[in-house]
Amino acid sequence: MQAYKLNATIDESGHLIIDEPLNIAPGKVEVIILQPVPSLETSTDSQPEKPKRQTKIKALQGWFEKTQPTPSDFDPDQARWEALKEKHNL
């Protein structure tokens, strides 16, 4: 599958307007839209303190600080099953 990166806008009526001409063969395409999210400038005082997740592996400590903990209702077996169904097109 060939990939293209284009700049586009969404008008007030919800139509996608591509800003540049496109030279590809006619046919069906898959469209993925990535919209930049404006960053919120907040101080560290207003953010709640995240609980520290400890690990003995130093390489993973920074990764743990950037990730969110799993929800309490997370079922790992269901997640494995969903991943297998997607992988094998079941």
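Residues numbered from 1 in each chain as written. Predicted model: local features only at pLDDT ≥ 70, side-chain atom pairs only at ≥ 80, totals over all residues. Heavy atoms only, no water.

## Description of the overall build of the protein chain
Here is the rule we go by: Helix and strand definitions follow DSSP, with helices as H or I runs of at least four residues and strands as E runs of at least two, each counted in order from the N terminus. Every residue pair with non-hydrogen atoms within 4.5 Å of one another is taken to be in contact. For the area figures, the Shrake-Rupley method with a 1.4 Å probe applies, and any residue is considered shielded solely by the protein chains shown.
In terms of regular secondary structure, the protein chain is built from 2 helices and 2 strands. Going from N to C terminus, the protein chain has its helices and strands arranged as β-β-α-α. The contacts of the protein chain with a sequence gap of at least 6 include a subset with a gap of at least 24, amounting to 3%. Only carbon and sulfur atoms are counted for the fraction: they give 56% of the accessible area of the protein chain, which is about 9,500 Å².

## As for the pattern of salt bridges
When charged atoms on two side chains of opposite charge get close, those side chains can pair. Counted only if it meets this: Here, a salt bridge means any side-chain nitrogen of Lys or Arg that lies within 4 Å of a carboxyl oxygen of Asp or Glu. Remark: exposure states derive from per-residue accessible area (1.4 Å probe, protein chains only) relative to the maximum for the residue type, with buried under 20%, exposed over 50%, and partly exposed in between.
For the structure shown, the criterion picks out 2 salt bridges. Residue aspartate 77 is joined to arginine 80 by a salt bridge in which the shortest nitrogen-to-oxygen separation is 2.9 Å. Taken together, the positions of aspartate 77 and arginine 80, both in helix α2 (residues 76-87) and 3 residues apart, correspond to about one turn of that helix. Here aspartate 77 matches arginine 80 in class, with each residue exposed. Taking the shortest distance from any N to any O, the salt bridge between lysine 85 and glutamate 82 comes out at 3.5 Å.

## Concerning the confidence of the model for the protein chain
Quick note on the threshold: On a scale of 0 to 100, pLDDT captures the predictor's confidence in every residue.
For the protein chain, per-residue confidence averages 81 on the pLDDT scale, and residues scoring 70 or more make up 84% of the total. At the low end of the mean pLDDT range in the protein chain sits helix α1 (residues 58-66), at 80; at the high end sits α2, at 91.

## Quick notes on a nonpolar patch on the surface
The line we're drawing: Distance thresholds for patches are 9 Å for like charges and 5 Å for nonpolar side chains (Val, Leu, Ile, Met, Phe, Trp, Tyr), applied to residues having over 30% relative accessible area and no salt bridge.
A cluster of nonpolar side chains, contributed by Tyr4, Ile10, Leu16, Ile18, Leu22, Ile24, Val29, Val31 and Ile33, occupies part of the molecular surface with about 850 Å² of accessible area. Note on placement: isoleucine 33 falls in the loop between β2 (16-18) and α1.

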